[in-house]
Amino acid sequence: MGLIEVGGLLLLILLFLLAGGVWIAMSLAIVGWIGQFFFTTTLPGKNLFSAFWESSASWELAALPLFIWMGEILFRTRLSEQMFEGLAPWLNRIPGRLMHTTILGCGIFGSVSGSSAATCATIAKVALPELKRRGYDEKLALGSLATAGTLGILIPPSITMVVYAVAAEASVIRIFLAGFLPAFLLMLLFSSYIAWWSWRNPAKVPPPEAPTTLMQKLRLSASLIPCGLLIVFIIVVLVAGWATATECAAYGVLGSLVIAAAGGSLNRRNFWDGLMSATRVSCMIMFILAGAAFLAKTMAFTGIPRELAEWVAEKQLSPYALISVLVVVYLVLGTALDGISMIVLTSAVVLPMVQKAGFDLIWFGIFVVLLVEIAEVTPPVGFNLFVLQNMTGKDSNTIARAAIPFFMCLVLCIALVTVFPAIVTWLPDTVMGVQK
């Protein structure tokens, strides 16, 4: 049996297990064990323990539960309600109104967390209950959160970008700068769809709130100042290099507790409930990460990603035909691998091909990150789908269907940066100068 056939068989087994109701993390680990036991000479038991340890023993990963706890604090105190009350008057005339807060929130928080899972989980915890209470369409909210949560790996700082920069021997700062304009473009596309959908479905959008004067808007927006200052502080400290992402997450938790306590909405009950909920969500995400890490080891040992990359290299394609095929290859890999594994396992073969075809490696880095974003919302291993499934109780396929329009926005963004590569390269070239 060829490696491609082995990959197809493992994918079918994974789909069967998920359809049978087996836990997501267990399904990933079972498929990884089957792949190693039957199709490699390595010891699956030993690799299982090492994968679970390596995936969780990470200083950077410590930021994940802290950011989720920060979201829990915002959710369980009046801070999230105050944030929505402060934003509502300014968004009242825009079609979709408060639904745009999912995009804005993911964009702002993504610039702090650098994690797709943390961004999706935190903003969902704050936004979903408030949007549901105000009568907004739940399907649209779920779809926007699943895809906008991926902004966490496109807006710097991003662990995925760092991994790519190391693999490509490229400047981390240049690739960070290259992510800003595509991220703003993607946020614009997401918000444009929300506005268009709301204009086409006025019956599914709550009626506008009563008009307010400028002074009333400013008075209501005063509640945004504490949280706004906290977010600005975290971003400035992170960008200036004064603290790591994990340390910034700790500052975020401490700042949220101080703001909630000062506002009189923090008590022993919601403190404890928030801490326990953050623990459960973090354990769920880290368990899935561990299963995905073991499956990624299986893919590496079998050589399936390298086989796919070498197959593409043998075709001697034209530059844009090469890009089109790589899109398909990465989408296929995204059904079974996390983004970092996709980059690590294919870079040795793919990067020389891309460079030979005349593509800028900084541009290709953002191109790959966008493909990784698509993988985050592609069944069966769409990580953001799993996060929202465990948080809301909705089936991952239901969330995936809700995300289809926003998925198409991602595809459109990839097409635009391919046709107009200056969207990616202009900012790093302007700020740092073209490096030959």
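Nothing here was measured: the structure is a model prediction, and the numbers come from that model. Numbering of residues starts from 1 in each chain and follows the order in which that chain's sequence is written. Only residues with pLDDT of at least 70 are given local features in this predicted model, and only at 80 or more are side-chain atom pairs given and counted; all residues enter the totals for whole chains, interfaces and linings. Values shown for side chains rest on all heavy atoms present in the structure; no hydrogens or waters enter the calculation.

Turning next to the overall build of the chain. The secondary structure listing takes helices from DSSP runs of H or I that are at least 4 residues long and strands from runs of E that are at least 2 residues long, numbered from the N terminus. The number of helices and strands found in the chain is 23 helices and 0 strands. Every one of the 436 residues in the chain was classed for burial, and the buried ones make up 52%. Summarising the internal contacts of the chain: among those between residues at least 6 apart in sequence, 79% fall at separations of at least 24. A 1.4 Å probe and the Shrake-Rupley method give the accessible areas. Residues count as covered only by the protein chains that appear here. For the chain, the computed accessible surface area is about 19,500 Å², with 68% contributed by carbon and sulfur atoms. Each residue's exposure class comes from its accessible area (1.4 Å probe, protein chains only) as a fraction of the maximum for that residue type: buried when under 20%, exposed when over 50%, partly exposed otherwise. Only heavy atoms matter for contacts: two residues are in contact if any of them lie within 4.5 Å across the pair.

A few words on the packing of helix α19 (residues 361-376) against helix α22 (residues 404-419). Following both chains from N to C, one finds α19 and α22 inclined at 170°, their axes separated by 10 Å at the closest point. The orientation of α19 relative to α22 falls into the category roughly antiparallel. Residues Trp363, Phe367, Leu370, Leu371, Glu373 and Ile374 of α19 lie in contact with α22, whose contacting residues are Phe407, Leu410, Val411, Cys413, Ile414, Val417 and Thr418. Lys, Arg, Asp and Glu make up the charged group, whereas Ala, Val, Leu, Ile, Met, Phe, Trp, Tyr, Cys and Pro make up the nonpolar group; the residues left over, Gly among them, are polar. For the contact of α19 with α22, a count of residues per class yields 11 nonpolar, 1 polar and 1 charged. Axis lines are fitted through C-alpha atoms, for helices just across the contact stretch, and the angle between N-to-C directions can take any value from 0 to 180 degrees. Roughly parallel means an angle under 35 degrees; roughly antiparallel, over 145; roughly perpendicular, 65 to 115; everything else is oblique.

Looking at the secondary structure, you find Gln36 in helix α2 (residues 24-39). By relative accessible area, which is 0% here, Gln36 ends up buried. For Gln36, the residues in contact, after removing those within four places along its chain, are Thr42, Leu43, Pro44, Asn47, Phe294, Lys297, Thr298 and Phe301.

Once that is clear, we can look at helix α15 (residues 268-302). At 3.6 residues per turn, the α-helix brings residues three or four places apart onto the same side. By this rule the span expected of a helix is its residue count minus one, scaled by 1.5 Å. Taking 1.5 Å of rise per residue, the 35 residues of α15 would be expected to cover 51 Å, and the 51 Å separating its terminal C-alpha atoms lies within 8% of that figure. Directly beyond the C-terminal end of α15, a positive phi value near 80° is found at Gly303.

Time to look at a nonpolar patch on the surface. Judged by side-chain polarity, Leu9, Trp33, Phe37, Phe38 and Phe39 come together as a nonpolar surface patch covering roughly 480 Å² of accessible area. In terms of residues, the nonpolar patch owes the most to one element, α2, which gives 4 residues. Along the chain, Trp33 falls in helix α2. For Trp33, a relative accessible area of 34% translates into the label partly exposed. Patch definition: residues with relative accessible area over 30% and no salt bridge; like charges joined within 9 Å; nonpolar side chains (Val, Leu, Ile, Met, Phe, Trp, Tyr) joined within 5 Å. Basic side-chain nitrogens of Lys or Arg form a salt bridge, by our definition, when they fall within 4 Å of a carboxyl oxygen of Asp or Glu.

Right, let's talk about the packing of α2 against α15 for a bit. Running from amino to carboxyl end, α2 crosses α15 at an angle of 20°, the nearest separation of the two axes being 8 Å. The angle between α2 and α15 places the two elements in the roughly parallel class. Between α2 and α15 lies a crossing whose hand is left-handed. On the side of α2, the interface is formed by Ile24, Ala25, Met26, Leu28, Ala29, Val31, Gly32, Trp33, Gly35, Gln36 and Phe39, while α15 contributes Phe287, Ile288, Gly291, Ala292, Phe294, Leu295, Lys297, Thr298, Phe301 and Thr302. Rotating anticlockwise by less than a right angle from the far helix to the near helix defines a left-handed crossing, while the corresponding clockwise rotation defines a right-handed one.

The final tally for this structure, using the stated rule, is 3 salt bridges. Measuring nitrogen to oxygen at the nearest pair gives 3.6 Å for the salt bridge that ties Glu138 to Lys394. Of this pair, Glu138 sits in helix α8 (residues 138-148) while Lys394 sits in the loop between α20 (383-392) and α21 (396-402), and the two are 256 residues apart along the sequence.

Position of Val6 among the secondary structure elements: in helix α1 (residues 3-19). Since its relative accessible area comes to 3%, Val6 is described here as buried. The sequence separation of Val6 and Phe39 amounts to 33 residues, and the corresponding C-alpha distance is 8.0 Å.

A separate point is the confidence of the model for the chain. pLDDT runs from 0 to 100 and stands for how confident the predictor is about each residue. Averaged over all residues, the pLDDT of the chain is 79; the fraction at 70 or higher stands at 88%. Put simply, helix α5 (residues 79-91) is where the chain has its lowest mean pLDDT, 68, and helix α11 (residues 180-200) is where it has its highest, 92.

Moving on to the nonpolar core. Counting 119 residues, the largest nonpolar core has Leu151, Leu154, Ile285 and Phe364 as its most contacted members. The element contributing the most residues to this core is α19, with 13 residues. Only buried residues count toward a nonpolar core, which is a set of Ala, Val, Leu, Ile, Met, Phe, Trp, Tyr and Cys residues joined through side-chain atoms within 4.5 Å.

Within helix α23 (residues 422-432), burial applies to Val424, Thr425, Leu427 and Pro428. Down the axis of α23, the buried side of the element spans an arc of 160°, and every buried residue falls inside it. The secondary structure elements touched by the buried residues of α23 are α10 (172-178), α11, α19 and α22. Taking the helix axis as origin, the arc is that swept by the directions to the C-beta atoms.

Within the fold, Val354 resides in helix α18 (residues 339-356). Among the residues examined, Val354 registers a relative accessible area of 0% and is labelled buried. With 10 residues separating them along the chain, Val354 and Phe364 place their C-alpha atoms 7.9 Å apart. Setting aside chain neighbours within four positions, we find Val354 in contact with Leu322, Leu326, Phe359, Leu361 and Phe364.

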